[in-house]
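# Topology and contacts: notes
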Amino acid sequence: MSYCSIMDVRRRIPEVTSDVVSDADLKDFIEEADAYIDDALREIYDVPFTTAPTAIEKLSSMWASYIAQTLYPDARVEEDLVRLRVDIDNIIGDYVSGKKTLGSSYEIDNPISDSFYYTTTKSKYAYYEVDQ
């Protein structure tokens, strides 16, 4: 079971169509993202998660979209990729250090608490967690 869906990743990178990155490739990227998350959180949580918390779903789709964009680079997204990688590393680091826990890092069914940043790409916005 994957932590996120192919559609979750596609929503993060709308300019990367299926002509550019196939669903099969995205499935591989999701598996890679999930393995990265499991490895990073193995000491703290019982992984793999049987039901992925919302924060883990978001983290998985962030990492998978990062992988897709680094393998199929577009000069317009370089700045966004740097920020995305820093954000992913910070989120993982916060879990590992205990600064965040899965219970405190998200609110179920409360999208109003989501934070967004505007990208330099043509897409409207990309999801990105921030400390509040």
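Residues numbered from 1 in each chain as written. Predicted model: local features only at pLDDT ≥ 70, side-chain atom pairs only at ≥ 80, totals over all residues. Heavy atoms only, no water.

### Describing the nonpolar core
Ranked by internal contacts, the top residues of the largest apolar core, which has 32 residues, are Val 9, Phe 29, Phe 49, Ile 56 and Ile 88. When residues of this core are traced back to their parent elements, those giving at least two are helix 2 (23-41), helix 3 (54-71) and helix 4 (78-97). The leading source of residues in this core is helix 3, at nine residues. In contact with Ile 56, other than residues within four places in its own chain, are Tyr 3, Ile 37, Leu 41, Phe 49 and Leu 102. (Core = buried A, V, L, I, M, F, W, Y, C linked by side-chain atoms within 4.5 Å. Buried < 20%, exposed > 50% of the residue type's maximum accessible area, 1.4 Å probe, protein only. Helix = DSSP H or I, 4+ residues; strand = E, 2+ residues; numbered from the N terminus. Contact = heavy atoms within 4.5 Å.)

### A look at the pattern of salt bridges
Counted according to the given criterion, the structure contains six salt bridges. Among the salt bridges present, the one from Asp 80 reaches Arg 83, with a minimum N-O distance of 2.5 Å. Of this pair, Asp 80 and Arg 83 both sit in helix 4, three residues apart, which is roughly one turn of the helix. A relative accessible area of 29% means that Arg 83 is categorised as partly exposed. Arg 85 serves as the salt-bridge partner of Asp 89, at 3.1 Å between the closest nitrogen and oxygen. Of this pair, Asp 89 and Arg 85 are both found in helix 4, four residues apart, which corresponds to roughly one turn of the helix. Residue class for Arg 85 comes out partly exposed when judged on its relative accessible area of 30%. (Salt bridge = Lys/Arg side-chain N within 4 Å of Asp/Glu carboxyl O.)

Don't take any of this as a statement about function, it's just geometry.
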